[in-house]
Amino acid sequence: MLAKAFPVDLRRCQVLGLAGTAVLALGGETAGALPVRHLLAPASARAAVGLVGVYFGVVLLIAAWVLLGRLVRGPEPPTPRALLLVLAVWAAPLLLAPPLFSRDVYSYLAQGAMVDAHMDVYTHGPDRLGGPLADEVAPMWRHTGAPYGPAFLALASALSGLTRGEVPAGLLGMRLVALLGVALMAVALPRLARHSGADPAAALWLGALNPLVLLHLVAGAHNDALMLGLLGLGLVAARGRRPAVGAVLVTLAALVKAPAALGLLAVVALRVRAGRRPLPAVLSTAGASAATTVAATALAGTGYGWIGALDTPVSPHNWALTSLLGRATGALLDRLGSGLAPLAVPAWHLLGLAATAVTVLLIWLRLRPRPVYALGLSLLAVAVLGPAIRPWYVLWGLFLIAAAAPSTSVRHRVAALAGVLALAVLPSGGPADLGQLLLAVSGGALGAVVLWQAHQAHQARQAQARQAQAREAQARQADRSAPAHRIRRPPRAGRTPAPGRLA
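In what follows, the accompanying structure is described.

What counts, and where the lines are drawn
- Residues numbered from 1 in each chain as written.
- Predicted model: local features only at pLDDT ≥ 70, side-chain atom pairs only at ≥ 80, totals over all residues.
- Heavy atoms only, no water.
- Helix = DSSP H or I, 4+ residues; strand = E, 2+ residues; numbered from the N terminus.
- Expected span 1.5 Å × (residues − 1).
- Contact = heavy atoms within 4.5 Å.
- Salt bridge = Lys/Arg side-chain N within 4 Å of Asp/Glu carboxyl O.
- Buried < 20%, exposed > 50% of the residue type's maximum accessible area, 1.4 Å probe, protein only.
- Core = buried A, V, L, I, M, F, W, Y, C linked by side-chain atoms within 4.5 Å.
- Axes fitted to C-alpha atoms, helices over the stretch in contact; angles between N-to-C directions.
- Parallel < 35°, antiparallel > 145°, perpendicular 65-115°, else oblique.
- Left-handed = near helix turned anticlockwise from the far one by under 90°.

Relative to the 34 Å expected for 24 residues at 1.5 Å per residue, helix 16 (residues 344-367) spans 34 Å between its end C-alpha atoms, a close match to the ideal helical length. Taken together, the buried residues of helix 16 touch helix 13 (263-273), helix 15 (321-335) and helix 17 (371-385).

What follows is the structure, given as structure tokens:
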């Protein structure tokens, strides 16, 4: 239906996507992850209207993205520069919007303030900091240590010093950091696509203009944007003539969030493909990575406690596959009266980690000649099979799959996954009750109805245009088929008819 709903051109895609992000940003003013002093009761009328508006906007944004994808696959696709302009237009309304779909950005600010105050963020949670910033952190994470590396915490600490702990200024600063990460992603994607033999425009459409990028990396201000931006630039450098720079950048990405460390496998593989022998490639990459880690940790002054805090994102109600299986198994064992019920979730988490390791190994054994694509699939496996998952975790792998997937069918599958996950989280970032689910569905349905009405109006205009063309064609045919009539010429001036030849 979407493919026929509008005449597809770049301007209409820009306008539809801009309308979507503008409406969802406006709805976020009452339904987003607001500071606690501005939070509204979910049952309040303003919060309900905001929730409907957010999902209405999300549906419009997804529709604009799908239409833009049709244009990218068309005979005259837009240039990468034109797509970057679309990205800027769509992201603009989200710059000053409140945090959406997660309260993690408040955790970043609190952890940065803790580092600035010389507190151990890996041993203590934001509750140790106290004050307004700690109050903004979701209750689930107030007593847990940070799982982030020293590179990100040093940046958060510097931002805390600049903003002096002011929440609005800190939120804007973190969103600018996320925008920097998205910009780096957009810079890296076309280059990686060209190196991999893929279409740069298609890579930008799937990897940077994806609704998950706008909703979670821009609107949610997640540090995954900075991780992916550094990872992408590192791979670009490693594919070129600067493999050492590539190893440094990939290590910095891992010192933001640990999953990026898998990128070092790709750096080694790229160096081997460039003609370096395997052992020297491994040693030089490991040396550059170790030196970067030591230097960044010394500059940040945070120590190495983040290694032991990597399980922080695992919450009791996490909806990762292994967590769901663990809770179901535990409930079954509990009904059977078994004392093993408390061990069900940890056991499934261990099985998930083992499955992840096996899957990553098989991917690299099979796709070693395509290291960027292998890395994308590996990061997607880590996200799906790991003990914790959030919708934006899928971007770890999707970003690189967009640049290096060997077929359009793979891109279509991950695009469909991204479209579904864009609807998976409430704008407040909290759990949903039945009333909120109904409001969210209503907002999405309203967006679908508006799109359907636009489709119907377009169909009616097309029908009217066809009827008008048919009438014009009939009139022209009638003119051509009409018999010719002889026309008498009037007598010339000054001449009179001869006698006997009266008319």
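Further notes follow.
Attention now moves to the pattern of salt bridges. Counted under the stated rule, the structure contains 3 salt bridges. For E136, the salt bridge is made with R103, and the minimal N-O distance between the two is 3.2 Å. With E136 in helix 6 (residues 131-136) and R103 in the loop between helix 4 (80-91) and helix 5 (104-116), the pair connects residues that are 33 residues apart, well separated along the chain. Here E136 falls in the buried class, since its relative accessible area comes to 3%. Taking the shortest distance from any N to any O, the salt bridge between K257 and D224 comes out at 3.1 Å. Placement of K257 in the loop between helix 12 (243-254) and helix 13 and of D224 in helix 11 (residues 224-239) is noted, with a sequence separation of 33 residues between them. Here K257 and D224 have matching classes, each one buried.

What follows deals with the nonpolar core. Residues L68, W90, L231 and L400 are the most contacted members of the largest nonpolar core, which totals 141 residues. Here this core gets 16 residues from one element, more than from any other, and that element is helix 3 (residues 45-72). In contact with L231, not counting residues within four places along its chain, are V250, A253, A260, G263, L375, L379 and L400.

Before going further, it helps to examine the packing of helix 12 against helix 14 (residues 278-300). Running from N to C, helix 12 and helix 14 cross one another at 45 degrees; their axes reach a closest spacing of 9 Å. Between helix 12 and helix 14, the interaxial angle falls into the category oblique. The two elements helix 12 and helix 14 meet at a crossing, and its hand is right-handed. Contact with helix 12, carried on its side by A244, A247, V248, T251 and L252, involves T285, A288, S289, T292 and T293 of helix 14 and no other residues of that element.

Attention now moves to helix 14. Compared with the 33 Å implied by 1.5 Å per residue over 23 residues, the 33 Å span of helix 14 between its first and last C-alpha is a close match. Among all positions of helix 14, only A281, T285, A288, S289, T292, T293, A296, T297 and A300 are buried. Buried residues along helix 14 sit against helix 5, helix 7 (150-163), helix 12 and helix 13. With its phi angle positive at about 70 degrees, G301 sits one or two positions after the end of helix 14.

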